[in-house]
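Take a look at the letters that make up each chain.
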Amino acid sequence: MERLLQHCESHVDEIVETIEALVRLESPSTDKAAVDRCGAEIAERLRRAGADVELLRREERGDHILARIPGSGRPVLLLGHFDTVWPVGALGRMALRRDGTRLHGPGTFDMKAGIAIALGAIAALRATGTEHPPISMLWTTDEEIGSGTSREPIESIARGAAAVLVLEPALPGGALKTARKGCGEFELTVQGIAAHAGVDPGKGASAIHELAAQVARIQRFEDLDRGVSVNVGIIEGGSRPNVVAEHARAVVDVRAPTMTDARRVEAEFQRLQPVGRGTRLNIRGGFERPPLERTAAVAHLFSVARGVASLLGRDLQEGSTGGGSDGNFTGALGVPTIDGLGPVGDGAHAAHEYVDVAELPWRAALVAGLLNRLTS
Ligand SMILES: [Zn+2]
C-alpha cells in the first residue's frame with residue numbers, strides 16, 4: 001500500500017495532465033463528433049496503459065469504450081462516463097485553470113478526473129508489480145442523459161464481475177457513496193373536452209382543473225421521512241382564457257431509496273383515476289434508474305475499501321445521495337457496487353466545478369489498493 005501511494009504521489013502531474021487533456025476535448029452527451037474525439041484520446045491512453053480497447057459503436061451517441069487488462073481471479077469493473085452537461089464552447093467561459101490546489105474546468109469533477117484516477121491506479125499497479133484481478137473498464141457517453149444506449153453493456157459486463165467500482169465524484173470530504181436513490185420520471189396527460197367558456201361552460205370538461213386535482217394527489221405520494229421525494233417540475237396546458245382546456249400535462253420527478261418504495265409509487269401512479277366527469281388520464285413513465293441499496297454485499301465491499309484506506313492512513317467514510325448514476329443499474333443486479341471513488345471537489349453541473357489536486361494521488365492509491373484486495 002505504501003509503495004502504491006508513493007507511486008501515485010510522485011506521478012500526480014501525470015494524473016493532472018490526463019484531466020487537462022480530457023477537459024480540453026469538450027464532450028456534451030448530445031454531440032457525437034465531439035464525444036468521440038474525447039473518446040479517441042481516452043482509448044489511446046488506455047492502450048498506452050496496457051489495456052485491450054474495444055469501441056462499442058453507437059449511431060446517435062458517442063461510442064462507449066470497453067477496456068480490459070488481464071489479471072488473476074474474478075474480474076472487477078471500473079465504471080464511469082466521459083460525457084458532460086457542458087456544451088462545446090463552455091471552456092471559453094469557465095476556463096481550465098489552476099487556482100492553488102483546485103483545478104477548475106467543465107467536466108473536471110463530473111467526471112473526467114475519475115477516469116484519470118483510474119488510469120493513475122493502473123499505472124501504479126503496473127509500476128509496482130502489484131497483483132490485481134482482471135480489470136474491465138467501461139467509460140460511457142450518455143450517462144448525463146439517462147444512459148439509454150449504455151445500460152445494456154453496463155448490465156451485461158457487470159453480471160460477470162465480482163464487484164463494480166464507480167469513479168463518480170466523492171461526497172464532500174471524500175466519503176464514498178454506498179446508497180443512491182432510484183430516479184423515476186412520470187408524465188401525466190389529461191384529455192378534456194373543449195368548449196366556449198362563456199357560451200357553453202357546462203358542456204366542457206377542463207383538463208386543467210382535472211390536472212390540478214391530480215397534482216394535489218400526486219403530492220401526497222411524497223414521504224420525506226422514508227426518503228421518498230416527489231417534484232411536479234413541469235405543468236402545461238390550455239390554449240386561451242375563454243376556452244375550456246382540452247389538454248394539460250404534468251411531468252413529475254420521483255426519488256426513492258428502495259425498490260419497495262419505487263414500486264409503491266409506481267402503483268399509486270397507475271391507480272390515478274379522473275376526479276371530474278368527462279376527462280381521461282394517461283400515465284407514462286417509471287423508474288429508469290433503480291435505487292442502489294446498501295445491501296450486506298455493498299457494506300462488505302465498503303469495509304474492504306475502508307481497510308485499504310486505513311492502511312493508507314485515513315478513516316474512509318460512506319454516505320448516500322439522492323442523485324443517480326450508472327452504479328444504480330449494477331447495484332440493482334445484485335453485483336456489489338460502491339460509488340464515489342472518483343475525485344474530491346465540488347460544483348458538478350455548476351460554473352464553479354473543480355477538483356482538489358492534492359487529493360488525487362490518495363484517491364488513485366485507494367483504487368489501486370482496493371483492486372489488489374479484490375484479487376481472489
Ligand atoms: Zn457523473
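Residues numbered from 1 in each chain as written. Predicted model: local features only at pLDDT ≥ 70, side-chain atom pairs only at ≥ 80, totals over all residues.

1. What to know about the overall build of the chain
Item 1. Broken down by element type, the chain carries 11 helices and 16 strands.
Item 2. In terms of principal-axis extent, the alpha carbons of the chain reach across some 85 × 45 × 35 Å.
Item 3. In the chain, buried positions account for 47% of the 376 residues.
Item 4. The contacts in the chain between residues at least 6 apart in sequence include a share of 79% that link residues at least 24 apart. (Helix = DSSP H or I, 4+ residues; strand = E, 2+ residues; numbered from the N terminus. Buried ≥ 20, exposed ≤ 12 C-beta atoms within 10 Å, placed from the backbone. Contact = placed C-beta atoms within 7 Å.)

2. A closer look at the sheet that holds strand 2 (residues 64-69)
Item 1. What the 6 strands build is an open sheet, ordered 1-2-6-3-7-14; its pairing is mixed. In this open sheet, the two strands that pair with only one neighbour each are strand 1 (52-56) and strand 14 (337-338).
Item 2. With 2 bridges connecting them, strand 7 (residues 163-166) and strand 14 associate as parallel partners. Following the sheet pairing, Val 164 is matched in strand 14 by Thr 337.
Item 3. The sheet strands contacting helix 6 (residues 151-159) are strand 1, strand 2, strand 3 (76-81), strand 6 (135-140) and strand 7, and the helix crosses strand 6 at an angle near 170 degrees. (Pairing = 2+ DSSP bridges. Axes fitted to C-alpha atoms, helices over the stretch in contact; angles between N-to-C directions.)

3. Structural notes on helix 2 (residues 12-24)
Item 1. With 13 residues, helix 2 should reach 18 Å at 1.5 Å per residue; the first-to-last C-alpha distance of 19 Å fits that figure.
Item 2. Those residues of helix 2 hidden inside the fold are in contact with helix 3 (32-48), strand 5 (102-104), helix 5 (108-128), strand 16 (354-356) and helix 11 (360-373). (Expected span 1.5 Å × (residues − 1).)

4. Concerning the packing of helix 1 (residues 2-10) against helix 11
Item 1. Packing of helix 1 against helix 11 brings their axes to within 8 Å, and their N-to-C directions diverge by 140 degrees. Here the hand of the crossing between helix 1 and helix 11 comes out right-handed. On helix 11, the residues touching Leu 4, Leu 5, Cys 8 and Glu 9 of helix 1 are Pro 361, Trp 362, Ala 364, Ala 365, Ala 368 and Gly 369.
Item 2. Classifying every residue of the contact of helix 1 with helix 11 gives 8 nonpolar, 1 polar and 1 charged. (Left-handed = near helix turned anticlockwise from the far one by under 90°. Nonpolar A, V, L, I, M, F, W, Y, C, P; charged D, E, K, R; others polar.)

5. Some remarks on the domain arrangement of the chain
Item 1. Each assigned domain of the chain is listed here: domain 1 (2-180 + 292-373) and domain 2 (182-289).
Item 2. Spacing between the C-alpha centres of domain 1 and domain 2 amounts to 38 Å.
Item 3. With 6 residues of domain 1 at the interface, the matching set in domain 2 holds 7 residues.
Item 4. Here the side of domain 1 that touches domain 2 is built from residues that sort into 1 nonpolar, 4 polar and 1 charged. (Domains from an automatic or database assignment.)

6. A look at the pairing of strand 2
Item 1. Burial analysis of strand 2 places 5 of its 6 residues in the buried class, which makes it a mostly covered element.
Item 2. Where strand 1 meets strand 2, 5 bridges bridge the pair, whose relative direction is antiparallel. Note that in strand 2 the partner of Leu 56 across the bridge is His 64.
Item 3. When strand 2 meets strand 6, the two strands line up antiparallel, connected through 5 bridges. Paired with Ile 65 across the strands is Trp 139, a residue of strand 6.

7. Some words on the nonpolar core
Item 1. Counting residues in hydrophobic clusters, the biggest one holds 74 residues, and the most contacted among them are Ile 117, Ala 118, Ala 121, Leu 165, Leu 167, Ala 364 and Val 367.
Item 2. With residues up to four places along the chain from it excluded, the contact list for Ala 121 reads Ala 364, Val 367, Ala 368 and Leu 371.
Item 3. By size, the runner-up hydrophobic cluster in this structure holds 21 residues, among which are Phe 186, Ala 207, Val 252 and Phe 269. (Core = buried A, V, L, I, M, F, W, Y, C linked by C-beta atoms within 7 Å.)

8. Concerning the pairing of strand 9 (residues 182-191)
Item 1. Note that strand 9 and strand 11 (residues 247-256) share 10 bridges and pair antiparallel. Of the residues in strand 11, the one forming a bridge with Thr 189 is Arg 249.
Item 2. Judged from the 9 bridges that link them, strand 9 and strand 12 (residues 280-289) form a sheet pairing that is antiparallel. Note that in strand 12 the partner of Gly 184 across the bridge is Phe 287.

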